[in-house]
Amino acid sequence: MKKTLDDNLLEAIKETVIGRGYSNQNICIKTISERFNLNRKVLGEKFKKRYGYTINEYVNELRIERAKRLLEENKFPITMISSNVGFSSRTHFYRVFKN
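Residues numbered from 1 in each chain as written. Predicted model: local features only at pLDDT ≥ 70, side-chain atom pairs only at ≥ 80, totals over all residues. Heavy atoms only, no water.

Student: I'm lost on helix α3 (residues 40–51) in this one. Help?
Tutor: The end-to-end C-alpha separation of α3 is 16 Å, in line with the 16 Å expected for 12 residues at 1.5 Å each. Those residues of α3 not exposed but buried are L43, G44, F47 and Y51. Each buried residue of α3 lies within a common arc of 95° when the element is viewed along its axis, so the set occupies one face. Facing away from the buried surface of α3 by more than 90 degrees, the exposed residues are K41 and K49. Of the surrounding elements, those touching the buried residues of α3 are α1 (7–21), α2 (29–35) and α4 (55–73). (Helix = DSSP H or I, 4+ residues; strand = E, 2+ residues; numbered from the N terminus. Expected span 1.5 Å × (residues − 1). Buried < 20%, exposed > 50% of the residue type's maximum accessible area, 1.4 Å probe, protein only. Arc of directions from axis to C-beta. Contact = heavy atoms within 4.5 Å.)

Student: Could you clarify how one ought to interpret unusual backbone geometry in this entry?
Tutor: Trans is the common state for peptide bonds, and a negative phi is the common state for residues other than glycine. Its identity as a non-glycine residue notwithstanding, N37 has a phi of 55°, on the positive side. Its location among the elements puts N37 in the loop between α2 and α3. Backbone geometry at N74 places phi at a positive 55°, although glycine is not the residue there. Its location among the elements puts N74 in the loop between α4 and α5 (78–84).

Shown next, in the form of structure tokens:
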């Protein structure tokens with residue numbers, strides 16, 4: 001049986017699963033919906049309605065903000081930073097970073 005999406009569950013997903021797990025390359029709406037036994041489409045629609053952006057946009061924003069901080073420290077090469085913040089390739093990192 002699918003759970004209903006109330007505000008508390010959405011907040012828990014945003015803060016705990018995504019906020020702490022954004023560097024996991026496998027984090028996406030599919031894995032989150034499976035973990036919580038939720039309908040992927042409904043999860044995506046409710047998340048966007050509540051926060052004004054998609055789960056993917058939120059994950060990428062967290063990753064880019066963390067990458068910016070690491071780049072400012074200038075201690076690690078870009079390839080290592082992109083991987084550490086959850087991007088599967090340097091090309092994908094560059095594409096998201098430009099936007």
